[in-house]
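Each chain is listed here by its residues.
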Amino acid sequence: RENQQASKGTSKPALGSRVALGGMASAARALGWGEGLAQWRRVALLGLPSLRSQQPAPTIPFYSTYLSRKLRKQQQHQAVVVEKDRDRDRDREPKRSIKGLRVGLIGAPNAGKSALTNVLLGRKVTAVSGKVNTTTSQTFGVVTSRRVAGHLQVNESEQERSEEKSNECSPEVTTRLMIFDTPGVVDHKHYRNMRQRERVSDAYATAALCDALVFVVDAERQLRKPDPRVERLVVEYRREVEGFGSGDAGGQAAAMPKSVLAMNKVDLVRGSRRGDLLDLARRLNDLGSFDQIFMVSSLKGTGTEDLLAYLRSVSVPHRTEEAVGHGGGAGGTGWLSQCEDEESSHDHSSYAVELVKEQVYRRLNGEIPYVLKIKPVSTKFLRDGSLRIEQDLLVNHMKKKKIVVGRKGQAIGQIGCRARAELEKQLGLKVHLILNVKVRKQD
Ligand SMILES: Nc1nc2c(ncn2[C@@H]2O[C@H](COP(=O)(O)OP(=O)(O)OP(=O)(O)O)[C@@H](O)[C@H]2O)c(=O)[nH]1
Ligand SMILES: [Mg+2]
């Protein structure tokens with residue numbers, strides 16, 4: 001096509017060879033040689049790749065020497081121009097640096113790890129409920145912030161990011177925090193069953209891959225009725241994490257991870273009891289020797305900004321974004337490229353499961369939330385842009401099915417309504433959520 005354009009005299013001289021041939025073709029047409037020369041031009045074109053790769057031009061005696069010399073000259077000239085352009089762009093681009101940190105939230109069941117994860121991420125990624133062991137496997141989310149000329153922007157969209165790039169010459173630092181929520185941990189003596197053992201292993205194994213650990217404690221509970229099991233965990237969790245080792249050879253996680261104590265639920269501590277928080281902090285620090293201690297409320301969002309600022313400040317620097325894209329190199333920060341692609345461990349389908357699960361834990365009592373399995377059936381976008389999600393809620397007995405459905409379908413109706421509302425809020429689209437309650441076949 002370019003040759004045809006060239007012969008019409010409309011194309012830009014991108015490749016010297018093509019212009020030369022196009023010129024020959026139009027000259028031939030002017031002389032009335034027509035088809036014969038067009039044919040010959042096709043033969044010449046077939047020889048071009050070898051000219052481009054600077055091999056000696058084959059077979060076509062008439063102008064091959066002239067052509068290859070001319071081509072080579074033009075190619076050299078173009079290479080110089082491209083190199084100059086690249087240098088100029090590099091000088092003009094703002095100095096960019098990228099930092100990252102994998103943060104594992106760890107602690108006893110119900111301490112508020114999931115609630116704190118969601119607050120740090122600024123969106124709901126993991127289920128929160130008042131029941132213990134709501135989280136059964138690790139979940140992560142990524143929070144990206146950029147500091148451009150001293151201004152902090154958190155989780156900005158791609159569009160904003162590219163607009164910002166035109167703001168040249170301002171130094172910018174991108175920080176990605178990959179925040180992992182983990183199942184609640186208990187010490188070995190308190191394993192109730194194999195599933196709990198697996199959950200605890202999952203939590204420690206995740207923590208072992210992190211560069212910083214946030215040990216979350218329910219401060220109000222610990223003040224009201226100090227729990228010796230939690231104190232034991234504070235003493236032992238580091239050893240447990242080290243026991244799982246780091247699979248990231250040569251990575252940052254091979255170094256001792258930073259450890260932070262987050263005293264959560266401080267909003268529940270009122271009046272004179274607030275002074276006791278300092279004593280509790282001192283006592284826990286004696287047991288766990290933390291790098292920093294923060295008093296936070298995941299419910300009200302207080303103190304969480306300070307925690308985020310600290311995590312950003314201890315993030316591991318990386319040279320350039322290019323290096324991140326190539327697996328991280330010696331810094332062991334290859335995981336940062338995963339962060340670029342994935343904002344969280346969920347796709348739409350698993351995210352819907354998480355939000356339905358949250359409502360199941362909130363609405364149903366006893367053993368039902370623990371025996372109920374949620375199985376995604378289908379997730380698809382409809383023509384009007386809305387999302388249709390269908391899930392099966394499987395229980396192991398007819399009686400339990402009746403409880404999940406509720407009188408006149410009230411229970412399942414409420415679960416569905418609330419989960420759908422939360423999904424719509426979080427995803428920003430219309431959602432049709434279909435929940436089927438079924439008795440699963442006994443294995
Ligand atoms: N008042 C108050 N309640 C909180 C706070 N953080 C969490 N909660 C509540 O504590 C309960 C447990 O919170 P989760 O975030 O699910 O606790 P978790 O540590 O993830 O629990 P597991 O997943 O079971 O290990 C929920 O009812 C939360 O609403 C807080 O800062 N203040
Ligand atoms: Mg949880």
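Residues numbered from 1 in each chain as written. Chains lettered and ligands numbered in written order. Predicted model: local features only at pLDDT ≥ 70, side-chain atom pairs only at ≥ 80, totals over all residues. Heavy atoms only, no water.

(A) Main features of the coordination of the magnesium ion (ligand 2). Distances from the magnesium ion (ligand 2) to its protein donors, Ser114 (OG) and Thr135 (OG1), fall at 2.0 Å. With Ser114 in helix H6 (residues 113-121) and Thr135 in the loop between H6 and strand S2 (139-148), this residue pair connects regions lying 21 residues apart in the sequence. Note on accessibility: Ser114 and Thr135 belong to one class, buried. (Donors = N, O, S within 2.8 Å, 3.2 Å for Na, K, Ca; no water. Helix = DSSP H or I, 4+ residues; strand = E, 2+ residues; numbered from the N terminus. Buried < 20%, exposed > 50% of the residue type's maximum accessible area, 1.4 Å probe, protein only.)

(B) The arrangement of the site of ligand 1 in detail. Close to ligand 1 lie 23 residues, the nearest being Lys113, Ser114, Asn133, Asp267 and Ser298. Asn110 has a polar backbone atom sitting 3.0 Å from an oxygen atom of ligand 1. Interatomic distance of 2.8 Å between a backbone N/O atom of Ser298 and an oxygen atom of ligand 1. Alone, ligand 1 offers 650 Å² of accessible surface; in the complex the protein occludes 89% of this. (Near = heavy atom within 4 Å. Polar contact = N/O pair within 3.5 Å; in protein donor to acceptor, adjacent residues only side chain to side chain. Areas by Shrake-Rupley, 256 points an atom, 1.4 Å probe, with all protein chains shown as cover.)

(C) Expanded view of the side chain of Gln222. Take Gln222: it is sitting in helix H9 (residues 219-224). Using a relative accessible area of 2% as the deciding quantity, one classes Gln222 as buried. A polar contact is formed between the side chain of Gln222 and the backbone oxygen of Asp227, at a distance of 3.2 Å. Excluding residues that lie within four positions of it along the chain, Gln222 makes contacts with Val217, Asp227, Val230, Glu231 and Leu280. (Contact = heavy atoms within 4.5 Å.)

(D) Quick look at the packing of aromatic side chains. Counted by the stated rule, this structure contains six aromatic pairs. Their ring planes at 45° and their centres at 4.8 Å tell us that Phe215 and Tyr237 sit as a pair that is tilted. Here the residue Phe215 occupies a position in strand S5 (residues 212-218), and Tyr237 occupies one in helix H10 (residues 228-244), the gap between them amounting to 22 residues. Grouping residues by exposure puts Phe215 and Tyr237 together as buried. Between Phe294 and Tyr310 the ring centres are 5.7 Å apart and the planes differ by 50°, which places this aromatic pair in the tilted class. Within this pair, whereas Phe294 is found in strand S7 (residues 292-295), its partner Tyr310 is found in helix H12 (residues 304-313), the two being separated by 16 residues in sequence. According to the relative accessible area criterion, Tyr310 is buried, its value standing at 12%. In this structure an aromatic cluster arises from ring pairing among Phe215, Tyr237 and Phe290. (Phe/Tyr/Trp six-rings, centres within 6.5 Å; stacked < 30°, edge-to-face > 60°.)

(E) Quick look at the pairing of strand S9 (residues 373-381). One ladder, built from eight bridges, connects S9 with strand S10 (residues 387-395); its direction is antiparallel. By the bridge assignment for S10, Lys373 is matched with Leu394. Counted between consecutive antiparallel strands, the loop separating S9 from S10 contains five residues, among which Gly385 sits at a positive phi close to 90°. (Pairing = 2+ DSSP bridges.)

(F) Region of the structure containing the packing of H6 against H12. Put simply, H6 and H12 touch, their axes get as near as 10 Å, and they point 70° apart. On the basis of the axis angle, H6 is roughly perpendicular to H12. Of the residues in H12, those in contact with Leu116, Val119 and Leu120 of H6 are Thr304, Leu307 and Leu308. Here the contact of H6 with H12 is built from residues that sort into five nonpolar, one polar and no charged. (Axes fitted to C-alpha atoms, helices over the stretch in contact; angles between N-to-C directions. Parallel < 35°, antiparallel > 145°, perpendicular 65-115°, else oblique. Nonpolar A, V, L, I, M, F, W, Y, C, P; charged D, E, K, R; others polar.)

(G) Here's a closer look at the pattern of salt bridges. Scanning the model with the defined rule gives 15 salt bridges in all. In this structure, Arg224 and Glu220 form a salt bridge, with 3.2 Å as the shortest nitrogen-oxygen distance. With Arg224 and Glu220 both in helix H9 and four residues apart, this pair spans about one turn of that helix. When its relative accessible area of 10% is taken as the criterion, Glu220 is described as buried. Of the charged contacts in the structure, one is a salt bridge between Glu231 and Arg283, with a shortest N-O distance of 3.5 Å. With Glu231 in helix H10 and Arg283 in helix H11 (residues 273-288), this residue pair connects regions lying 52 residues apart in the sequence. Counted as one network, the salt bridges with shared partners bring together Lys124, Glu358 and Arg362. (Salt bridge = Lys/Arg side-chain N within 4 Å of Asp/Glu carboxyl O.)

(H) Highlighting H6. Most of H6 is tucked away, with seven of its nine residues classed as buried. Considered for burial, the residues of H6 that qualify are Lys113, Ser114, Leu116, Thr117, Asn118, Leu120 and Leu121.

(I) Highlighting the side chain of Gln391. Tracing the sequence through the fold places Gln391 in strand S10. Not counting residues within four places of it along the chain, the set of residues in contact with Gln391 comprises Ser349, Ala352, Val353, Val356, Ile374, Lys375, Pro376, Val377, Ile434, Leu435 and Asn436.

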